[in-house]
Amino acid sequence: METVRIVRVVLIGVGNLGRRFAQVITDKHDDLLRRYGLDIRIVGVADSRGAAICPEGLDGAAIGTIKASGNSVGQLPGHGQPGMTGLQLIDAVDADILCEAGPVNLDANAEPALSHVRRALEKGMHVSTPNKGPIVLAYGELTALAKARNVQLKFDGTVAGGLPAIALAARDLRGATIQRIESVPNLTTGFILDRLAAGVAWDKAIEQARNAGALEGDGAWDLEGWDAAAKIAILALSVLDQDVNLRDIPREGINHIDREWLKAASCKGLVRLLASAIRRSDGTYQLDVAPTVLPHEHPLGQLGSQQMGISIETDLFGTITSIITEDTPLPSASSMLRDLLAIFLN
């Protein structure tokens, strides 16, 4: 067997994504060790109320169990540190990579996640995050900091959950000029639009989305199109080399959608909240987010309620389309493992 490399992970954020990622690391530990020679250990974990530290590695099942009980990881027997913050955890442990899976919190300048990412990079740690906030608000700063510290910043889970949209566009299409990106990167709006098109009342559709776990909180982040706008902004920043301000992107959500228009449009194709980037003659891109009719022959025109997709038109490789069915948060959570392997296997 090849030489074993210990990879020490700090995980901040133990919600839908974080606790599933912790379980994946535990479940996949022996397989990853056998296949890649990587002994991946979560040596520290933090939520909003505390942290836990164990250099030998924390058990993902124990993390999930204590969160399911409504308690903080700060209460983990033998390892808990009640009241310890994420920043304090980063400073307290020796680790190789931060996995930041906290809330987006754009209204609060992406804090505390932005400070977590910044501190980890300053300390010389790699970073993987599915958190859109830090990338949207501080992409230039964070990528420059990662380069200066000779570490990597990965965020492939920020655009379409488990679908490797950024890796596809930035790595696998190198050498080509991207003419157009069309993406359906938000599950919540597709779920609700399908029910509205079927005649379900708005309040009932919202209730069904919430009961299915497709809608959290008041839903404004999804329904007003901010989530989709953030995702096309990240593609523009990281793939298209465009300097983008999220609030400058033309954005129309589905919260005020005209039901008569939706009914008529649904007869012509699939209605989805489409986030697009179209190349202008001067090399810049027009970004846009709006409910759009996708004809059935469109590459994304057959998406189901629990599917996301991206279609990229290029000058060299034609049009490449990728679609993912994501009926649980597991694929999105696993994007951090994909990032981790991209860092430590290269």
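For the structure, see preceding data.
Residues numbered from 1 in each chain as written. Predicted model: local features only at pLDDT ≥ 70, side-chain atom pairs only at ≥ 80, totals over all residues. Heavy atoms only, no water.

**Considering the packing of aromatic side chains**
Here is step 1 of the chain: Applying the stated rule across the entire model yields one aromatic pair.
Here is step 2 of the chain: Sitting over the ring of Phe191, Arg195 keeps its end group 3.5 Å from the ring centre. (Phe/Tyr/Trp six-rings, centres within 6.5 Å; stacked < 30°, edge-to-face > 60°. Lys NZ or Arg CZ within 6 Å of the ring centre and 35° of its normal.)

**Some details on the pattern of salt bridges**
Here is step 1 of the chain: If you walk through the whole model with that rule in mind, you get 15 salt bridges.
Here is step 2 of the chain: For the salt bridge of Lys132 with Asp227, the shortest nitrogen-to-oxygen distance reads 3.4 Å. Remark: Asp227 occurs in helix 11 (residues 226-238) and Lys132 occurs in helix 5 (residues 132-148); sequence separation between them is 95 residues.
Here is step 3 of the chain: Among the residues examined, Lys132 registers a relative accessible area of 10% and is labelled buried.
Here is step 4 of the chain: On the basis of relative accessible area, Asp227 is assigned to the buried category, the value being 3%.
Here is step 5 of the chain: With a closest N to O distance of 3.1 Å, Asp156 and Arg338 form a salt bridge. One end of the pair, Asp156, is in the loop between strand 7 (153-154) and helix 6 (157-160); the other, Arg338, is in helix 13 (residues 330-344), with 182 residues separating them in the sequence. (Salt bridge = Lys/Arg side-chain N within 4 Å of Asp/Glu carboxyl O. Helix = DSSP H or I, 4+ residues; strand = E, 2+ residues; numbered from the N terminus. Buried < 20%, exposed > 50% of the residue type's maximum accessible area, 1.4 Å probe, protein only.)

**Considerations on the pairing of strand 5 (residues 97-100)**
Here is step 1 of the chain: Neither face of strand 5 is exposed, since Ile97 and Cys99 on one face and Leu98 and Glu100 on the opposite face are all buried.
Here is step 2 of the chain: As defined by bridge partners, strand 1 (residues 5-12) adjoins strand 5 across four bridges and the pair is classed as parallel. Each residue of the ladder has a partner; that of Val9, found in strand 5, is Ile97.
Here is step 3 of the chain: Taken together, strand 5, helix 4 (residues 113-122) and strand 6 (residues 126-128) form a β-α-β motif whose crossover is right-handed. (Pairing = 2+ DSSP bridges. Right-handed = clockwise from strand over helix to strand, strands pointing away.)

**Structural notes on unusual backbone geometry**
Here is step 1 of the chain: The linkage connecting Glu111 with the following residue, Pro112, adopts the cis geometry, with an omega of 5 degrees.
Here is step 2 of the chain: Here Pro112 shows up in the loop between strand 5 and helix 4.
Here is step 3 of the chain: Unusually for a residue other than glycine, Asn105 sits at a positive phi of about 55 degrees.
Here is step 4 of the chain: As for its placement among the helices and strands, Asn105 is situated in the loop between strand 5 and helix 4.

**Notes on the environment of Val45**
Here is step 1 of the chain: Here Val45 is to be found in strand 2 (residues 38-47).
Here is step 2 of the chain: A residue is classified by how much of its surface remains accessible, and Val45, at 0% relative accessible area, is buried.
Here is step 3 of the chain: Sequence-wise, Val45 and Pro185 are 140 residues apart; in three dimensions their C-alpha atoms are separated by 28 Å.
Here is step 4 of the chain: Non-local contacts of Val45, meaning those with residues more than four positions away in its chain, are made with Leu11, Val14, Gly50, Ala51, Ala52, Leu58, Ile63, Val73 and Leu89. (Contact = heavy atoms within 4.5 Å.)

**A closer look at the packing of helix 1 (residues 16-36) against helix 13**
Here is step 1 of the chain: Between helix 1 and helix 13, the least distance of the axes is 9 Å, while the angle of their chain directions is 45 degrees. Between helix 1 and helix 13, the interaxial angle falls into the category oblique. Considering the relative orientation of helix 1 and helix 13, their crossing is right-handed. Counting all contacts with helix 1, which are made through Leu17, Arg20, Phe21, Val24, Ile25, Leu32 and Tyr36, the residues of helix 13 involved are Leu330, Ser332, Ala333, Ser334, Met336, Leu337 and Leu341.
Here is step 2 of the chain: Considered class by class, the residues forming the contact of helix 1 with helix 13 number 11 nonpolar, two polar and one charged. (Axes fitted to C-alpha atoms, helices over the stretch in contact; angles between N-to-C directions. Parallel < 35°, antiparallel > 145°, perpendicular 65-115°, else oblique. Left-handed = near helix turned anticlockwise from the far one by under 90°. Nonpolar A, V, L, I, M, F, W, Y, C, P; charged D, E, K, R; others polar.)

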